[in-house]
Amino acid sequence: METKIKAVLREKRMTVHQMHREVGGNRAYCYQVVSGFCRATQPMRERIALVFGLPVDELFDENGMARK
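From a predicted model like this one, the values you see are computed outputs, not experimental measurements.

K.L.:
What am I meant to see in the overall build of the chain here?
P.N.:
Across its full length, the chain holds five helices and zero strands. Its helices and strands in sequence order give the chain the pattern α-α-α-α-α, from N to C terminus. On C-alpha atoms alone, the chain measures out to a radius of gyration of 10 Å, which is about the 11 Å that the 2.2 N^0.38 rule sets for 68 residues. Viewed in the frame of its principal axes, the chain has a C-alpha envelope of about 25 × 25 × 20 Å. Expressed as a percentage of its 68 residues, the buried residues of the chain come to 37%. For the chain, contacts bridging at least 24 residues in sequence account for 46% of all contacts bridging at least 6. When the accessible surface of the chain is totalled, it reaches about 4,200 Å², and 49% of it is carbon and sulfur.

K.L.:
Please explain the side chain of His20 as it appears in this structure.
P.N.:
Locating His20 in the fold gives a position in helix H2 (residues 16-23). With a relative accessible area of 14%, His20 lands in the buried category. At 2.9 Å, the side chain of His20 forms a polar contact with the backbone oxygen of Gly25. With near-sequence residues (within four places) excluded, His20 lies in contact with Gly25, Asn26, Arg27 and Cys30.

K.L.:
Would you explain the nonpolar core in this entry?
P.N.:
If you look at the biggest cluster of nonpolar residues, it comprises 19 residues, and the most contacted ones within it are Ile5, Leu9, Met19, Ile48, Phe52, Leu59 and Phe60. Where this core is concerned, the elements lending two or more residues are helix H1 (4-11), H2, helix H3 (27-35) and helix H4 (42-52). When residues of this core are assigned to their parent elements, the largest contribution, four residues, is made by H4. Apart from residues no more than four positions distant in its own chain, Leu9 is found in contact with Met14, Thr15, Val16, Met19, Val34 and Phe52.

K.L.:
Looking at this structure, how should I read the packing of H2 against H3?
P.N.:
The description of two helices packed together rests on the angle between their axes and the distance between the axes. Running from N to C, H2 and H3 point in directions that differ by 120 degrees, and their axes come no closer than 10 Å. Our classification of the angle between H2 and H3 gives oblique. Relative to H3, the crossing made by H2 is right-handed. Only Arg27, Cys30, Tyr31 and Val34 of H3 make contact with H2, whose side of the interface consists of Val16, His17, Met19 and His20. Residue composition of the contact of H2 with H3, grouped by class: five nonpolar, two polar and one charged.

Rules and cut-offs
Residues numbered from 1 in each chain as written. Predicted model: local features only at pLDDT ≥ 70, side-chain atom pairs only at ≥ 80, totals over all residues. Heavy atoms only, no water. Helix = DSSP H or I, 4+ residues; strand = E, 2+ residues; numbered from the N terminus. Rg over C-alpha atoms; globule rule 2.2 N^0.38 Å. Buried < 20%, exposed > 50% of the residue type's maximum accessible area, 1.4 Å probe, protein only. Contact = heavy atoms within 4.5 Å. Areas by Shrake-Rupley, 256 points an atom, 1.4 Å probe, with all protein chains shown as cover. Polar contact = N/O pair within 3.5 Å; in protein donor to acceptor, adjacent residues only side chain to side chain. Core = buried A, V, L, I, M, F, W, Y, C linked by side-chain atoms within 4.5 Å. Axes fitted to C-alpha atoms, helices over the stretch in contact; angles between N-to-C directions. Parallel < 35°, antiparallel > 145°, perpendicular 65-115°, else oblique. Left-handed = near helix turned anticlockwise from the far one by under 90°. Nonpolar A, V, L, I, M, F, W, Y, C, P; charged D, E, K, R; others polar.

Printed below as a string of C-alpha cells:
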C-alpha cells in the first residue's frame, strides 16, 4: 500500500531524492520514512510537512509513521 507521502511526491512530480535535499538529514532514513518502514522524528515530520505545505497530521500518524 502506498503512503500519503509517496502520493504527494507523485502529485508534485518530485522524487524522494529531491525531497531529501530540501528536508536534509540521512538519505537512507528519508527513503525508509517515505516508504513507511520506520518512524520519523518530530523535527523530520515538521520539515517534510513544511516542504509539502501540509499539516503534519495529514502525512503522519500519532506514532510518527507515514499514513497509508
